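# Understanding the architecture of this molecule
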Amino acid sequence: MNTLENMPLMIINFEQIDKIEKKVLCFEYILSSLLQWYSEKRSKADNDFSVLKSMKLLFFVVAGDKKKNYYLLDNVFDSFKALPFGHVETEIYSYLKNKSGHLNYYEITNQKLIEKKAITKEDWKSLRLVEPNIIQEIDESIEYIKELNSNLVFQSAYELVDLSHAWYSWKR
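Residues numbered from 1 in each chain as written. Predicted model: local features only at pLDDT ≥ 70, side-chain atom pairs only at ≥ 80, totals over all residues. Heavy atoms only, no water.

### A look at the overall build of the protein chain
For the protein chain, the count of helices and strands is 8 helices and 4 strands. Ordered by position from N to C terminus, the α and β elements of the protein chain give α-α-α-β-β-α-β-β-α-α-α-α. Expressed as a percentage of the 172 residues in the protein chain, the buried residues total 46%. Expressed as a percentage of contacts within the protein chain between residues at least 6 apart in sequence, the contacts between residues at least 24 apart total 68%. (Helix = DSSP H or I, 4+ residues; strand = E, 2+ residues; numbered from the N terminus. Buried < 20%, exposed > 50% of the residue type's maximum accessible area, 1.4 Å probe, protein only. Contact = heavy atoms within 4.5 Å.)

### Looking at the nonpolar core
Considering soluble globular proteins, one finds that nonpolar side chains tend to be buried as a cluster. In this structure, F27, L34, L58, F77, L103 and W124 are the most contacted members of the largest nonpolar core, which totals 49 residues. Mapped by element, the contributors of at least two residues to this core are α1 (19-38), α2 (51-63), α4 (90-98), β3 (106-108) and α6 (132-148). The greatest single-element share of this core, amounting to 11 residues, is contributed by α1. Apart from residues lying up to four places away in sequence, L58 is in contact with F27, I30, F77, F80, E89 and I92. (Core = buried A, V, L, I, M, F, W, Y, C linked by side-chain atoms within 4.5 Å.)

### Observations concerning the confidence of the model for the protein chain
On average, the protein chain scores 86 in pLDDT, and the residues at 70 or more come to 87%. The least confident element of the protein chain is helix α8 (residues 168-171), whose mean pLDDT is 50; the most confident is β3, at 97. (pLDDT = per-residue confidence, 0-100.)

### Quick word on α4
Residues of α4 that are buried include every one of I92, Y95 and L96, and no others. All buried residues of α4 fall inside an arc of 100 degrees around its axis, so they share one side. Within α4, the exposed residues directed more than 90 degrees away from the buried face are K97 and N98. Where α4 is buried, its residues touch α1, α2, β2 (86-89) and β3. You can read the cap of α4 off the contacts: a side-chain oxygen lies 3.0 Å from the backbone nitrogen of E91, and it is on E89. (Arc of directions from axis to C-beta. Polar contact = N/O pair within 3.5 Å; in protein donor to acceptor, adjacent residues only side chain to side chain.)

### Quick word on the packing of aromatic side chains
Summed over all chains, the structure comprises 7 aromatic pairs. Here the aromatic residues Y29, Y105 and W124 are joined through ring pairs into a cluster of three or more. K117 extends its terminal NZ or CZ atom over the ring of Y105, reaching a point 5.5 Å from the ring centre. (Phe/Tyr/Trp six-rings, centres within 6.5 Å; stacked < 30°, edge-to-face > 60°. Lys NZ or Arg CZ within 6 Å of the ring centre and 35° of its normal.)

Next comes the structure, spelled out in structure tokens:
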């Protein structure tokens, strides 16, 4: 199976890469969008998007579904488990651990998110790195959670852990 690592940027076709690589690209699109939200009030370079915080924000984006169709949960990020620090998408987490936090466009450390290659929202759309319907679902979800809590991306990782522990599915 083809992976993103061995394909030149301009000829990536979303249908030609495996499930995990697709999921990673969707996760990176989410990170890109969340970092853009963060940059509305603070410098991107000063972000605190650690692995833990990124995992918590991913959960809120996937669960924050205004339409309640749970498309992202059912069709993209389908490996959430309840772990001690809250909900974790285990395939993404394992990928991060195996790659020491290195993704295609970002590196996630225990302190922050580092942009390795500059990529704009327009790039994501024009290069079709993520399917258009998934981009739309992600964008709608982020707008919804932003309406609910405009400071979510500025909360600490541990505040997000506490918030995720209050989620209904955690209590079941």
